[in-house]
Amino acid sequence: MESVGITDDEVQIAKETGKITNISLHRIEPKDKNKTSKSSRPSLEDIAEEWAHVPSFGSVTGKECKKMSTMAITVDEAFCHLRSSELPTIETCHNGADRLRWSAMFHWLRAPPKLDSALKPEYDLVLAITQCSFSWTDVVHWRMVQTVYKRLTGSKLDCPQYGSHWLEIGFQGSDPSKDLRGVGMLGLVNLLYLATHSTTHTLALKLYSVANSETQPFPLAVLSLNVSSIAVNALKGGRLNKECNARHSVFDVINLFYTVVINYIYNVWTTEHKTLKDSGILLKDAERYCNKHVRRLLRELPVALSKHQ
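About the cut-offs
Residues numbered from 1 in each chain as written. Predicted model: local features only at pLDDT ≥ 70, side-chain atom pairs only at ≥ 80, totals over all residues. Heavy atoms only, no water. Helix = DSSP H or I, 4+ residues; strand = E, 2+ residues; numbered from the N terminus. Buried < 20%, exposed > 50% of the residue type's maximum accessible area, 1.4 Å probe, protein only. Polar contact = N/O pair within 3.5 Å; in protein donor to acceptor, adjacent residues only side chain to side chain. Contact = heavy atoms within 4.5 Å. Expected span 1.5 Å × (residues − 1). Bend = angle between axes of the 7 residues up to and from the residue. Arc of directions from axis to C-beta. Phe/Tyr/Trp six-rings, centres within 6.5 Å; stacked < 30°, edge-to-face > 60°.

Caption draft 1: Structural detail: the side chain of T196. Topologically, T196 is positioned in helix 7 (residues 184-196). Residue classification places T196 among the buried positions, given a relative accessible area of 17%. There is a polar contact of 2.6 Å between the side chain of T196 and the backbone oxygen of L192. Apart from residues no more than four positions distant in its own chain, T196 is found in contact with I73, V75, T147 and R151.

This is the structure we're talking about:
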């Protein structure tokens, strides 16, 4: 996976605070160093100007187009579309059990159980989605990113394809597609799940609120992509095999494990008053802790999420 890059014309990244995946969590600073900024959010003037040009689907500027709101999309709809799309071919996707079994022989550790053969096609599909690129010309991709934006911000109308409004929900620049290179469309699927599912929507709003706070701001979308990478690594390492077998689904489990990790990070971030300088260590700690307690944390997740209601 390659790291997320941005151009000088978009935002200036402050000191990198740590990296556990190939996507780094950065502080986003304003372009004009002479102006004092209380947060990384775009100014109301910037957003107001862009909203004057709300686009139709696929439009860059929205000129001569009526303001519109595309139909929201569910995670299941998005997954069905991706499953029927022409995805990259994944060659011999191992579930990690064989590789870790050799490690177990030398370290006297127990290898994870094998993934049920009936779930292998779904496992390969999930990994293929991580290699699928975002496309502005794909109507479903457009609906996905617009749904995330509207569910987090409360907006009723579509936002422009490019602009500083994407920084408000935690992307690094004016084009969110550039941030989705690391974990592909699975990163957007996970974020869509967080923003739209009935059990996680309240958590998503709390994350959005803290991310745009004056005291503990962070780029929410970038954090989410880091968590997606943690979930993919856990899947590849075979750590989710037992739960996948028990729940007869790979797709459901990776969404749930993603939720476990981001909920863990939210709880630590808010209760221990973490800031961006702590993000690298916190991400590593979250990966280590959640990988170690997969079964228990998934079992306790419904109760954990109910506390946010």
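Caption draft 2: Summary view of helix 13 (residues 294-306). Under the 1.5 Å per step criterion, the end-to-end length of helix 13 is 19 Å for 13 residues, consistent within 8% with the ideal 18 Å. If you look at helix 13, its biggest bend is around 45°, right at E300, and the proline P302 turns up within four residues after that. Those residues of helix 13 that sit buried are V294, L297, L298, L301 and L305.

Caption draft 3: Structural context of helix 2 (residues 75-84). All buried positions along helix 2 are accounted for by V75, A78, F79 and L82. Along the long axis of helix 2, the arc covered by the buried residues comes to 100°, so they all point the same way. Of the exposed residues in helix 2, the ones pointing more than 90 degrees away from its buried face are D76 and S84. Looking at the packing, one finds that the buried side of helix 2 touches helix 4 (120-129), helix 5 (139-153), helix 7 and helix 11 (251-271).

Caption draft 4: Representation of unusual backbone geometry within the structure. The residue H248 is not glycine, and still its phi comes out positive at about 55°. Position of H248 among the secondary structure elements: in the loop between helix 10 (241-247) and helix 11. One non-glycine residue, H273, lies in positive phi territory at about 55°. As for its placement among the helices and strands, H273 is situated in the loop between helix 11 and helix 12 (279-292).

Caption draft 5: Just the packing of aromatic side chains, in detail. Inspection of every chain in the model, using the stated rule, returns nine aromatic pairs. Ring geometry for F79 versus F251: centroids 3.8 Å apart, planes at 15°, classification stacked. Taken as a pair, F79 in helix 2 and F251 in helix 11 lie far apart in primary sequence, 172 residues in all. Each member of the pair, F79 as well as F251, is classed as buried. Ring geometry for F218 versus W269: centroids 5.1 Å apart, planes at 65°, classification edge-to-face. Here F218 is found in the loop between helix 8 (201-211) and helix 9 (220-236), whereas its partner W269 is found in helix 11, with 51 residues between them in sequence. Here the aromatic residues F134, W136, W142, Y149, Y162, W166 and F171 are joined through ring pairs into a cluster of three or more.

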